[in-house]
Every structure is written in structure tokens, then in C-alpha cells.
Amino acid sequence: MRAWMAIIGLACAFGVQAAPKVAVTDLAYQAQVEEYIHTINAQSSGQAGMYHASGQSSYSEYESLNSYIEQTELRKFGGDIKGEILKTGMFQLVQGRPYTADSKEDVYDVIRRIKNGAFKGADYVLFGTLSDIDFQQDINSLDHTDSYSAVLGLTVVADFSLINTRTYEITSAFTAMGEGQDTKLVKSQDRRVTLNRPRVVRDVSKALGEDVAQQLAEQLGGSVPGQAKQPRGRDNLPPDEPARVLN
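Heads up: these notes are all about the structure in this document. A quick note: this is a predicted structure, and the numbers were derived from the prediction, not measured.

1. Re the overall build of the protein
Within the protein, the secondary structure is distributed over 4 helices and 7 strands. In the protein, the order of α-helices and β-strands from amino to carboxyl end is α-β-β-β-α-β-α-β-β-β-α. For the protein, the proportion of its 247 residues judged to be buried stands at 35%.

As C-alpha cells, this is what we get:
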């Protein structure tokens, strides 16, 4: 409740109808990349005469395997997260500066990115990091038939923190998940099965965005369209009293 009252107070400072402005990052992640290099350089030169031939040749070979950590942002799921947050009416959205290969900051150092002006105009930054992404593809036989089911599934799990860009306080923190799958019934004589990967990604993105908006509403006391308003957590503060004019 205190966190949500702080956001309401900030909104009042900008005007009665103004909602706090939030920038939503794409999901940060890092991966180990291996680079294999194999080069061969062979050269020869010759000169032929009437009675003999002479020549020179050279040969060199180079082989190496380099491994390094690549940091970037996964941009497939940001649109639905922003859309579902807009539906709640709790925030206005502003566009932050995306992380690129030329960025010199650590993708996980969101405080430094805030200080460097990556999220100008935002009162808050919703910073997401990818925890797990898993594609599953299974083929299951159906009892007493000559058919089987082909399944393509995707699960995405991400951690989120809502950070105040002035105080760097974490106002809300949670883990969200999106799941989706495509299933086709196939006859045994079918030689090729094509599952709809783009639709699976779309369904996961939608589910992840809904989970993010739901958990923000639960923690900050807002509401999600189509769902009952979430009750705010109880604390030891006395009940609010109506405003009075002091003489």
C-alpha cells in the first residue's frame, strides 16, 4: 500500500489526471558465444626455363576457438507487456533507449543506464531479465489408432523490478511466466509435420504480458481490465480519515 500511495502522490504532483510515466525495457539476457576460426594460406610461384624449372611455395594454417559472453535484450515480448500495462491505466508509457551491441554499459546495470539518460522522462523503469526460455517438441502416439500428436511448446520466465528513477528504490518485484503450444493430430503416413512456431511465440507473449500486468496490479493495488480489483495488503497503519480543514 505504501508503494502505491507513493505512486499516487507522484501522480498528484504532476496533476490530478496524470499517471506516473514508466519505461519498459526489453528482457535482458546474456549468452556464451563460441567462435571457431580456421584459415589456410597457400601460395606458390614458379619460373620455367628452357632446361629447368624453379619455384617457391609457402603454406600456413591457423585454427582457434574463442569463447565470450554476449549481452543483449530479447525484443520479442515487449509489445504485449506494454499493451497490458496500458490497459490497467496505472501508468503512461515512455520509450527508453534500447540496449544495442554498441552500448558500453552492462545490460544488467539498470541504475547506470538510468543515470546515463537511457530512460529520459520516466518516473519508473520496469526492468525485466530473462530467467529461462524453453522450446519443447514432442511426438506422442495415440492408443488404439494409427495417429499421433505433434506438440510444439514454449515457456518463458522473466524477473521484473519496478525502479524509481529518482531514488532508485525498487517499488515492485516479481517473476512472471508465459506459456503457449501448438498441437496437430497426424496420421502415421504423413511424412512432414509443420507446427506453427510464430503463433506459439505470439501466445507466449500475450500470456507473459497479462501476468506482468496482473502482478503489478496485485502489488500496487490497481486493477486489471476484466478482473475484480485486487485487495490491498493489510498493514499496521490506522484507517484513513476524511480530509479536514484545520483552523
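What follows picks up the thread again.
2. Description of the pattern of salt bridges
Taken as a whole and judged by the stated rule, the model has 10 salt bridges. A salt bridge links Arg75 to Asp26; its shortest N-O distance comes to 3.1 Å. Note that Arg75 is positioned in the loop between β3 (53–74) and α2 (78–88) and Asp26 in the loop between β1 (21–24) and β2 (27–48), a separation of 49 residues in sequence. By relative accessible area, which is 41% here, Arg75 ends up partly exposed. For Glu84, the salt bridge is made with Lys87, and the minimal N-O distance between the two is 3.2 Å. Here Glu84 pairs with Lys87, and both are found in helix α2, just 3 residues apart, close to one helical turn. Glu84 gets classed as buried once you look at its relative accessible area, which sits at 7%. Each of Asp26, Glu73, Arg75 and Arg113 takes part in a single network of salt bridges with overlapping partners.

3. Focus: the pairing of strand β7 (residues 170–187)
A regular strand places its side chains so that they alternate between the two faces of the sheet. Here strand β6 (residues 147–164) pairs with β7 via 17 bridges, running antiparallel. In the strand pairing of β7, Phe160 is matched with Phe174. In this antiparallel pair of consecutive strands, β6 and β7, the connection spans 5 residues, and Tyr168 shows a positive phi of 65°.

4. A closer look at the environment of Val107
Note on placement: Val107 falls in the loop between β4 (92–94) and α3 (110–115). Placed 77 residues apart in sequence, Val107 and Gln30 show a C-alpha to C-alpha distance of 8.6 Å.

5. Section: the pairing of strand β5 (residues 124–141)
Of the pairings in the sheet, the one linking β1 to β5 comprises 3 bridges and is parallel in character. Of the residues in β5, the one forming a bridge with Ala23 is Val125. Of the pairings in the sheet, the one linking β5 to β6 comprises 17 bridges and is antiparallel in character. Looking at β6, one finds that Thr129 is bridged to Asp159. The hairpin turn running from β5 into β6, its antiparallel successor, is 5 residues long, and His144 in that turn takes a positive phi close to 65°.

6. Points about the packing of aromatic side chains
Using the criterion set out here, one finds 2 aromatic pairs in the structure. With a centroid separation of 5.5 Å and an interplanar angle of 20°, the aromatic rings of Phe160 and Phe174 are classed as stacked. Remark: Phe174 occurs in strand β7 and Phe160 occurs in strand β6; sequence separation between them is 14 residues. Look at Phe174 and you get buried, because its relative accessible area is 7%. Between the NZ or CZ atom of Arg197 and the centre of the ring of Phe135, over which it lies, the distance is 4.0 Å.

7. Here's the deal with the side chain of Asp182
Looking at where Asp182 falls in the secondary structure, it is placed in strand β7. Of the residues examined, Asp182 reaches a relative accessible area of 1% and is grouped as buried. Every residue in contact with Asp182, bar those within four places of it in the chain, is listed here: Ala150, Val151, Leu152, Leu195, Asn196, Arg199 and Val200.

8. Concerning the nonpolar core
Ranked by size, the top nonpolar core spans 31 residues in total, and within it Leu27, Leu126, Phe160, Val212 and Leu216 carry the most contacts. Taken together, the elements giving at least two residues each to this core come down to β1, α2, β5, β6, β7 and α4 (197–220). Leu126 has contacts with Val22, Ala23, Val24, Thr25, Ile81, Ile85, Phe160, Ser161, Leu162, Phe174, Val212 and Leu216, leaving out every residue within four places of it along the chain. Counting 12 residues, the second-largest nonpolar core is a separate cluster that includes Ala28, Tyr99, Ile114 and Ile163.

9. Let's talk about the environment of Leu27
Inspection of the secondary structure puts Leu27 in strand β2. With 104 residues separating them along the chain, Leu27 and Ser131 place their C-alpha atoms 9.2 Å apart. Among all residues touching Leu27, those that are not within four sequence positions of it are Thr72, Glu73, Leu74, Phe77, Gly128, Thr129, Leu130, Val156, Ala158, Phe160 and Leu208.

So, how was this worked out
Per chain, the residues get numbers from 1 upward, laid out in the order the sequence is written. The model is predicted, so local features are restricted to residues of pLDDT at least 70 and side-chain atom pairs to those at 80 or more, both for listing and for counting; the totals for chains, interfaces and linings are taken over all residues. No hydrogens and no water enter the side-chain calculation; it runs on all heavy atoms of the structure. The helix count covers DSSP runs of H or I at least four residues long, the strand count covers runs of E at least two residues long, and both are numbered beginning at the N terminus. With a 1.4 Å probe rolled over the protein chains alone, any residue whose accessible area is under 20% of its type maximum counts as buried; one over 50% counts as exposed, and the rest are partly exposed. The term salt bridge refers to a pairing of a side-chain nitrogen on Lys or Arg with a carboxyl oxygen on Asp or Glu at a separation within 4 Å. Should DSSP find at least two bridges between two strands, the strands are regarded as paired. Aromatic pairing here means that ring centres of Phe, Tyr or Trp (its six-membered ring) are within 6.5 Å. Orientation follows from the plane angle: under 30 degrees is stacked, over 60 is edge-to-face, and everything else is tilted. Lysine NZ or arginine CZ positioned within 6 Å of the ring centre and within 35 degrees of the ring normal marks a charge as sitting over the ring. When checking whether two residues touch, look at their non-hydrogen atoms; a contact exists if any pair is within 4.5 Å. Joining through side-chain atoms within 4.5 Å is the link that ties buried Ala, Val, Leu, Ile, Met, Phe, Trp, Tyr and Cys residues into a set, and such a set is a nonpolar core.

Treat this as a map of the structure, not an account of what it does.
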